[in-house]
Amino acid sequence: MEPIRKHEGLVFPLNRANVDTDQIIPKQFLKRISRQGFGQFVFYNWRFDSKGELREDFSLNQPKYEGTSILVAGENFGCGSSREHAPWALQDYGFRVIIAPSYADIFYNNCTKNGILPVKLTEEQVQTLIKNAEADQYNLTVDLEEKKVYDNQGFEASFDLDAYKREMLLNGWDEIAVTLTHEDKITQFEKARG
């Protein structure tokens, strides 16, 4: 995983609550074995019509959101099934940060385990960000070291993140990498057990 310390990026506003994992990545695309290649299917049923053509009425398809890396959405983001494919798809599409008032617990944990920073802000703060991003191209900076979100127009908000999850994201560690930080102790133990 890539470390996240401070991320600046273009915001995509998804002003919807209760976006479930089947909306993020529909079930028919879950047959891949690796984590790569899911990004092309993110929000598939909203982005494409029944013939597989891009829908002009879904904002992610608009040129102004090309290269977006910060998703701002409504409450209970990532609800539904516990598929880990949802964060894989979002990350493969290019999202590094998601900001919402609340998340489904399993989705939230899957994000942190896969290198996506899930930020919780208040509903009012989220709606401010959505409004700004809907009006024009809008960039945010998310500083994990300082636990702050800010723009160059005066918006600033603080967020909290569990210390363990924060350390994992700051260092770009998954759970195996965390275990390997104790490699010397593991080796000593194995030698002692001989």
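Rules used throughout
- Residues numbered from 1 in each chain as written.
- Predicted model: local features only at pLDDT ≥ 70, side-chain atom pairs only at ≥ 80, totals over all residues.
- Heavy atoms only, no water.
- Helix = DSSP H or I, 4+ residues; strand = E, 2+ residues; numbered from the N terminus.
- Rg over C-alpha atoms; globule rule 2.2 N^0.38 Å.
- Buried < 20%, exposed > 50% of the residue type's maximum accessible area, 1.4 Å probe, protein only.
- Pairing = 2+ DSSP bridges.
- Axes fitted to C-alpha atoms, helices over the stretch in contact; angles between N-to-C directions.
- Contact = heavy atoms within 4.5 Å.
- Phe/Tyr/Trp six-rings, centres within 6.5 Å; stacked < 30°, edge-to-face > 60°.
- Salt bridge = Lys/Arg side-chain N within 4 Å of Asp/Glu carboxyl O.

Trainee: Tell me about the overall build of the protein chain, and please be specific about residues and values.
Mentor: Within the protein chain, the secondary structure is distributed over eight helices and seven strands. For 194 residues, the compact-globule estimate of 2.2 N^0.38 gives 16 Å, and the C-alpha radius of gyration of the protein chain, at 18 Å, lies within 12% of that figure. The principal-axis extents of the C-alpha atoms in the protein chain amount to approximately 65 × 45 × 25 Å. Across the 194 residues in the protein chain, those meeting the buried criterion constitute 45%.

Trainee: Give a description of the sheet that holds strand β3 (residues 97-100) that names residues and reports values.
Mentor: Reading across from one edge, β4-β3-β2-β1-β5-β6-β7 is the order of the seven strands in this open sheet, with mixed pairing throughout. Each edge of the sheet is formed by a strand with only one pairing partner; in this case those strands are β4 (117-120) and β7 (156-158). Strand-to-strand twist in this sheet, taken as the mean axis angle between neighbours without regard to direction, amounts to 25°. Here strand β5 (residues 139-143) pairs with strand β6 (residues 148-150) via three bridges, running antiparallel. Bridge assignment links Asp143 to a residue of β6, and that residue is Lys148. Set on the sheet, helix α4 (residues 105-113) makes contact with β3 and β4; between it and β4 the angle comes to about 135°. Across the sheet, helix α5 (residues 123-135) lies against β1 (6-14), β2 (70-73), β3, β5 and β7, angled at about 80° from β1, the strand it touches most.

Trainee: So what's going on with the packing of aromatic side chains? Which residues, and what values?
Mentor: For the structure shown, the criterion picks out 14 aromatic pairs. With a centroid separation of 5.3 Å and 80° between ring planes, the pair formed by Phe12 and Tyr65 is classed as edge-to-face. Highlighted residues: Phe12 in strand β1 and Tyr65 in the loop between α2 (44-47) and β2, separated in sequence by 53 residues. You'll find Phe12 and Tyr65 in the same group, each marked buried. When the centroid spacing of 5.9 Å and the interplanar angle of 45° are considered together, the rings of Trp46 and Phe58 count as tilted. Note that Trp46 is positioned in helix α2 and Phe58 in the loop between α2 and β2, a separation of twelve residues in sequence.

Trainee: Give a detailed account of the pattern of salt bridges, specifying residues and quantitative values.
Mentor: In the structure shown here, the tally under the stated rule is seven salt bridges. We note a salt bridge from Glu175 to Lys113, for which the minimum N-O separation is 3.8 Å. Of the two residues, Glu175 sits in helix α7 (residues 175-180) while Lys113 sits in helix α4, which places them 62 residues apart along the sequence. Note on Lys113: relative accessible area 34%, which makes it partly exposed.

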